[in-house]
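Given next are the chains, with one letter for each unit.
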Amino acid sequence: MRTTLAQVRSYDRSVQLLLVNQFTINLGFYMLMPYLAQHLSGTLGLAGWLVGLVLGVRNFSQQGMFLVGGTLADRFGYKPLIVAGCVLRTVGFAALGLVDSVPALVAASAAAGFAGALFNPAVRAYLAADAGERRVEAFALFNVFYQAGILLGPLVGMVLTGFDFRFTCLVSAAIFALLSAVQIRALPARKADHAVDADAGDRKSVPAQWRGIVRNRAFLLFAMAMIGSYVLSFQVYLALPLEVRRLGGEGEFGTAAVALLFAASGLLTIFGQTRVTAWCKARLEPGQALAWGLLGMGLAFVPLLAATVVPVPDEQVGRRLLAALPPTLAALLLAMGTMIAYPFEMDTIVRLSGDRLVATHYGLYNTICGIGITLGNLLTGAALDAARAAGMSALPWLVLFVLGVVCAAFLHGLYRAGLMATMAAEPASVTAEGTSLLQRGEQVEVAGNSPGMVGR
């Protein structure tokens, strides 16, 4: 932890503030969201489909609007979008605690979701720009602060919700209000370095910019390959808790075992991320690290696959061990795979963008992965139901394992083909229509040939 804090202090104030901001954003978000469904169905007495509607609107307004948020950040600067997102989330979260009509709840949920679409691409693009050559390490630190917020938020929310969920909403809103004020005062203004490069065609209309990004074949292939990583990592929230409760029951043990999943993966990231990134950066090229990370995430489901051949014990102790240990090991391996891949993933997006319209690229990337997560979770849920009905408990874990292996192989293929190489930043490399050298069939050269230099 001392090493992590020393690394944080080595960056400029803007990067330090962005790291703290992300911790605070996740703290405020996760102290509220895990308990919203119970408030809507219990306190307000809404029907299940209405609860799903309110929660779904938030997810759709965030995932579906990432591209818009990224485009606005590249047009108007990163700081205004970060501040606007935090202000809008202040309003949305406060409203969730104060209103009780369905239209008002839907509007508040949409505002809270759109807020995330405004600040998420802007934060990542700002961090990439100000970290410069050290952005891989900066994104490793970013993940530490990100996970710390996820870990602490539900614990704070549990205490506050014990008094009143409305109090939780107001405290969360106050956190975002304070965060807005701090950023207005302390966060330096920052525009994209090439946001208004007329020679590169960045003054074109928004649809023209989007068409240029869509024609970036390497970027789109990379985004498609990385969908698998998000589907796999999301199983900490879906398949693993369901498996714990299937064997361990819905009582106190099941709740504690699920909490152990989140605590184990979060703590591993907080204390191990910077060391893992330093090790990978010294020994692997970015494409190799990404492929190994995806492979590790696929291997995370091997313990669950192996557990299916073990007869379920009749005694309570044995059943609880089977319910807790394989999912916890899977959660740790998923965290390790994410730790390997995430910093290089964020860096690769910047490189494949040619360092132009970076926030827009992040926005489209998040939208693509968000759609993939939704479809992946629907299929995973269907596979879990079908496997239980057919008595084939190994099927979901086998499918998830194969998904990790296939995505890792796909990423390795992109790396070997040179499609994840650094794109040149000169205007010649991107035409006014956004067509890259790669798309014209010309050779793209990797900047530097040693593992320590690639990706800087």
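Residues numbered from 1 in each chain as written. Predicted model: local features only at pLDDT ≥ 70, side-chain atom pairs only at ≥ 80, totals over all residues. Heavy atoms only, no water.

### Considerations on the packing of aromatic side chains
A full pass over the atoms with the stated rule returns 14 aromatic pairs. Each residue in the set Phe139, Phe142, Tyr146, Tyr342 and Tyr362 is aromatic and connected to the rest through ring pairs, giving one cluster. When the ring centre of Tyr11 is taken as reference, the NZ or CZ atom of Arg134 above it lies at 3.9 Å. (Phe/Tyr/Trp six-rings, centres within 6.5 Å; stacked < 30°, edge-to-face > 60°. Lys NZ or Arg CZ within 6 Å of the ring centre and 35° of its normal.)

### Here we look at unusual backbone geometry
The residue Asp355 is not glycine, and still its phi comes out positive at about 65°. Summarising the element assignment, Asp355 is placed in the loop between α16 (316–352) and α17 (358–390). Overall, Asp355 belongs to the partly exposed group, its relative accessible area being 30%. Phi angles above zero are rare outside glycine, and Leu357 is one such case at about 50°. As for its placement among the helices and strands, Leu357 is situated in the loop between α16 and α17. (Helix = DSSP H or I, 4+ residues; strand = E, 2+ residues; numbered from the N terminus. Buried < 20%, exposed > 50% of the residue type's maximum accessible area, 1.4 Å probe, protein only.)

### Some details on the nonpolar core
Membership of the largest hydrophobic core comes to 90 residues, with the highest contact counts inside it found for Phe93, Phe222, Tyr362, Tyr365 and Leu411. Of all the elements, helix α7 (residues 102–131) adds the most residues to this core, at 13 residues. If sequence neighbours within four positions are ignored, Leu411 has contacts with Phe222, Ala225, Met226, Leu290, Ala291, Leu294 and Met420. Counting 19 residues, the second-largest nonpolar core is a separate cluster that includes Val236, Met297, Ala331 and Trp397. (Core = buried A, V, L, I, M, F, W, Y, C linked by side-chain atoms within 4.5 Å. Contact = heavy atoms within 4.5 Å.)

### Some thoughts on the pattern of salt bridges
Under the criterion given, the structure shown has four salt bridges. A salt bridge links Asp347 to Arg135, with the nearest nitrogen and oxygen atoms 2.3 Å apart. With Asp347 in helix α16 and Arg135 in helix α8 (residues 135–163), this residue pair connects regions lying 212 residues apart in the sequence. In this structure, Asp347 and Arg351 form a salt bridge, with 3.0 Å as the shortest nitrogen-oxygen distance. Here Asp347 pairs with Arg351, and both are found in helix α16, just four residues apart, close to one helical turn. Of the two residues, Asp347 and Arg351, both sit in the buried class. (Salt bridge = Lys/Arg side-chain N within 4 Å of Asp/Glu carboxyl O.)

### What about empty space enclosed by the protein?
The full count for this structure, using the stated rule, is three cavities of 30 Å³ or more. Of the pockets and cavities examined, the second largest cavity occupies roughly 50 Å³. If you go around the second largest cavity, the residues you meet are Glu243, Arg246, Thr308, Leu384, Ala387, Arg388, Ser393, Pro396 and Trp397. The set of elements that each furnish at least two residues to the lining of the second largest cavity consists of α12 (239–248), α17 and α18 (395–416). (1 Å grid on protein atoms, 1.4 Å probe; cavity = no way out; pocket = protein on both sides within 12 Å on 5 of 7 lines; lining within 4 Å. Points joined across faces, edges and corners; volume = space filled by probe spheres on them.)

### A short note on the packing of helix α3 (residues 36–43) against helix α4 (residues 48–63)
Where α3 contacts α4, the two axes come as close as 10 Å, and the packing angle between them is 150°. Relative to α4, the element α3 is oriented roughly antiparallel. The two elements α3 and α4 cross, and the hand of that crossing is right-handed. Between α3 and α4, the residues in contact are Leu36, Ala37, Leu40 and Ser41 and Val51, Val54 and Leu55, respectively. (Axes fitted to C-alpha atoms, helices over the stretch in contact; angles between N-to-C directions. Parallel < 35°, antiparallel > 145°, perpendicular 65-115°, else oblique. Left-handed = near helix turned anticlockwise from the far one by under 90°.)

### Focus on the confidence of the model for the chain
When pLDDT is low, close inspection of the predicted coordinates is not appropriate. Summing up the model confidence of the chain, the mean pLDDT is 85 and the portion of residues at 70 or higher is 89%. Per-element mean pLDDT across the chain ranges from 82 in helix α1 (residues 2–9) up to 96 in helix α14 (residues 286–299). Contacts from residues 195–202, a stretch scored under 50 in pLDDT, to residues over four places away or in other chains number 18 contacts. The low-confidence segment residues 423–456, where pLDDT is below 50, has 69 contacts with residues more than four positions distant or belonging to other chains. (pLDDT = per-residue confidence, 0-100.)

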